[in-house]
Amino acid sequence: IQARVEADPEDLAKQVVLMKIMIAAGEQLRAIERIRELLRKDEVNVELMKTLAQAYISLGKYRTARYILEKRVRELMRGQIDADIAYMMAHILKNTTDDVRKQVDAYQLVIQMRPDLAEAHNNLGLIYYQTRNYTQAAQEFLVAFRLAPGLVGAKLNLANAYKALRDYEKSR
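Residues numbered from 1 in each chain as written. Predicted model: local features only at pLDDT ≥ 70, side-chain atom pairs only at ≥ 80, totals over all residues. Heavy atoms only, no water.

Participant: Go over the nonpolar core with me, naming the residues and quoting the values.
Facilitator: Counting 29 residues, the largest nonpolar core has L48, L52, I68, L69, V73 and I92 as its most contacted members. Counting only elements with at least two residues in this core, the list comes to α2 (12–24), α3 (28–41), α4 (46–58), α5 (62–76) and α6 (83–96). At eight residues, the largest contribution of residues to this core is made by α4. Aside from chain neighbours lying at most four places away, what touches L48 is L12, V16, I35, L38 and L39. Ranked by size, the runner-up nonpolar core spans 18 residues in total, among them Y107, A120, Y128 and L158. (Core = buried A, V, L, I, M, F, W, Y, C linked by side-chain atoms within 4.5 Å. Buried < 20%, exposed > 50% of the residue type's maximum accessible area, 1.4 Å probe, protein only. Helix = DSSP H or I, 4+ residues; strand = E, 2+ residues; numbered from the N terminus. Contact = heavy atoms within 4.5 Å.)

What follows is the structure, encoded as structure tokens:
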């Protein structure tokens, strides 16, 4: 992707993909710096701002990410949110509040918008598991595992939920 970006530096879609790869590779600070440069050229680019928020979330800077999502992105989207924003906001809530009801509601909104998002089901399952609602947790982990069999965490979480329910055969 780096070569494609260099060949066509004005293509912001390619730039966004490169920034997401950098974030996944642990190069959040470089990605943030590059996104800020790109935003100077196109200060209303929602995808760049969402990627910037994603970088801050991956650094654990939830307040900064929330500010970007709540103020700038929602302003540009005229108050509308998409599944990406809803997922990031749910992740922020999961890490910044002890209000379980808000956390559950946030992930349920994401699932309503994107029922095929395995990570949202897995995270909702984790909230249920932490509150000892093992039946609900197992249901969410099972959905996550069926949607993404390669999501190892969902499979391990499902086994732990079955173990907590004393269904050792399923857990095994």
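Participant: Tell me about the packing of helix α8 (residues 118–130) against helix α10 (residues 152–164), and name the residues and values.
Facilitator: Between α8 and α10, the shortest axis-to-axis distance is 11 Å and the interhelical angle comes to 25°. In this view, α8 runs roughly parallel relative to α10, as classed from their interaxial angle. Between α8 and α10 lies a crossing of left-handed hand. The residues of α10 that touch α8, namely those facing N122, L126 and Y129, are G153, A154, N157, N160, A161 and A164. Class assignment of the residues belonging to the contact of α8 with α10 gives a composition of five nonpolar, four polar and no charged. (Axes fitted to C-alpha atoms, helices over the stretch in contact; angles between N-to-C directions. Parallel < 35°, antiparallel > 145°, perpendicular 65-115°, else oblique. Left-handed = near helix turned anticlockwise from the far one by under 90°. Nonpolar A, V, L, I, M, F, W, Y, C, P; charged D, E, K, R; others polar.)

Participant: An account of the pattern of salt bridges is requested, with residue identities and associated values reported.
Facilitator: Scanning the entire structure with this criterion turns up eleven salt bridges. As a salt-bridge pair, E47 and K50 come within 3.0 Å of each other at their nearest N and O atoms. Note that E47 and K50 are positioned in helix α4 at a spacing of three residues, about one turn of the helix. (Salt bridge = Lys/Arg side-chain N within 4 Å of Asp/Glu carboxyl O.)

Any functional reading would require information beyond the geometric quantities listed.
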